[in-house]
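Chain by chain, the residues run as shown.
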Amino acid sequence: MNIFAKLVHSVWDLRSYPAYRKSGGTEVFLYALFLNAVYFLAVVLIPMAGTLVLMGGLGNVMEEEIPDFSLKNDKLWVAETVDVQEYDRYQGGICIRIDTGEPITEQITDVDLVAFDQALVLDAEHGIAKMEGSPVIRFSYEDLGLGDFDRESLLKMVMPFLSAILGIVVILVMGFGFFGFFAGALVVAVLGSIMASFSGCRLKFGELYKLAVHTRTPALAVKCVCAWLPVAVPYLSVISFGISGIYMWTAIQYIKEEEGSGRQMYV
């Protein structure tokens, strides 16, 4: 079965799963690479390329989205205040507040940022940053030693390297996505080990992991469809692993059925 047929059968033909446990390690790795490439193309590259084309290219996006600002003598000035508090299906809760007319970093406590996965708060002299899984960091521009620059100097510095920066970001995102895929497959394999023990089906962990990689196919297919919906689907990650769990359970039952049939032939 070629890799394209396997992609389709992994979604629609659950009876093909018993054969996947006998696939070679290299074959499974290449399949996972191909599956992630298709998913990344559909969910990230195509929407991003469409957005850039509509907005006149990455350089034009930078010029339109970066507001007029200046950092001089360790004091920040921004022409417009920014107040964004929203939920993104990929990045979680996001908080961005910029106001150089008020000392907002003194008004916002760490507790206020608990509900957000990522946050950036800037006023005239200080800032607050938070990344997912990391503690809140408070800083001053004087401590950072950034020097003096403004919007024009930033654009002149960044513009020549935009393509390279975008390429590096894409590679990093793909790399982290690939790592996350195998970590997710590991979770499904552990779940499959419990299911196999409960069902009385003897399977090696390596076989379960190969099955787990293929059970991520329908899960990613659902996530791909949801990514194009105009509304966010709550608990999508939980739903994704639930789908993989159902496929794993069904695959184990078919394997048990095959092994039972095989033993009867020799009786």
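All figures in this text were calculated on a predicted structure; none of them were measured in a lab.

Engineer: Pulling in residues and values, what's your account of the sheet that holds strand β1 (residues 69–72)?
Structural biologist: One open sheet accounts for three strands, arranged β2-β1-β8; its pairing is antiparallel. In this open sheet, the two strands that pair with only one neighbour each are β2 (75–78) and β8 (149–150). Of the strand pairs in this sheet, β1 and β2 are connected by four bridges, and their pairing is antiparallel. The residue bridging Phe69 from the neighbouring strand is Val78, located in β2.

Engineer: Report on helix α8 (residues 162–199), specifying residues and quantitative values.
Structural biologist: Between its first and last C-alpha atoms α8 spans 54 Å; for 38 residues at 1.5 Å apiece the expected length is 56 Å, and the two agree. Residues Leu162, Val170, Phe178, Phe181, Gly184, Ala185, Val188, Ala189, Gly192, Met195, Ala196 and Ser199 constitute the buried set of α8. Phi for Gly200, located one or two positions after α8, is positive at around 75°.

Engineer: Got a sec to walk through helix α3 (residues 25–54)? Specific residues and values, please.
Structural biologist: Compared with an ideal rise of 1.5 Å per residue, which puts 30 residues at 44 Å, α3 spans 42 Å between its outermost C-alpha atoms and is within 8% of the ideal. A bend of about 45° at Leu41 is the largest found in α3. Buried residues of α3: Val28, Tyr31, Ala32, Leu35, Asn36, Tyr39, Phe40, Ala42, Val43 and Leu52, and no others. Tucked inside the fold, the buried residues of α3 contact α1 (3–12), α4 (58–65), α8 and α9 (205–227).

Engineer: Pulling in residues and values, what's your account of the packing of aromatic side chains?
Structural biologist: Per the stated rule, a full pass over the model turns up ten aromatic pairs. Plain terms: the ring middles of Phe69 and Phe149 are 5.9 Å apart, the flat faces sit at 80° to each other, and that makes the pair edge-to-face. Placement of the pair is Phe69 in strand β1 and Phe149 in strand β8, with a sequence separation of 80 residues. Using a relative accessible area of 10% as the deciding quantity, one classes Phe69 as buried. Overall, the relative accessible area of 26% leaves Phe149 in the partly exposed class. On the basis of an interplanar angle of 85° and a centroid distance of 5.5 Å, the ring pair of Phe181 and Phe182 is categorised as edge-to-face. Taken together, the ring pairs connect Phe29, Phe178, Phe181 and Phe182 into an aromatic cluster.

Engineer: Hey, could you go over the pairing of β1 for me, with residue numbers and the actual values?
Structural biologist: Residue alternation in β1 divides its side chains into a buried set, Phe69 and Leu71, and an unburied set, Ser70 and Lys72. Hairpin connection of β1 to β2: two residues between the antiparallel strands, including Asn73 at a positive phi of 55°. Summarising the sheet, β1 and β8 pair through two bridges and their orientation is antiparallel. Each bridged residue has a counterpart across the sheet, and for Leu71 the counterpart in β8 is Phe149.

Conventions used here
- Residues numbered from 1 in each chain as written.
- Predicted model: local features only at pLDDT ≥ 70, side-chain atom pairs only at ≥ 80, totals over all residues.
- Heavy atoms only, no water.
- Pairing = 2+ DSSP bridges.
- Helix = DSSP H or I, 4+ residues; strand = E, 2+ residues; numbered from the N terminus.
- Expected span 1.5 Å × (residues − 1).
- Buried < 20%, exposed > 50% of the residue type's maximum accessible area, 1.4 Å probe, protein only.
- Bend = angle between axes of the 7 residues up to and from the residue.
- Contact = heavy atoms within 4.5 Å.
- Phe/Tyr/Trp six-rings, centres within 6.5 Å; stacked < 30°, edge-to-face > 60°.

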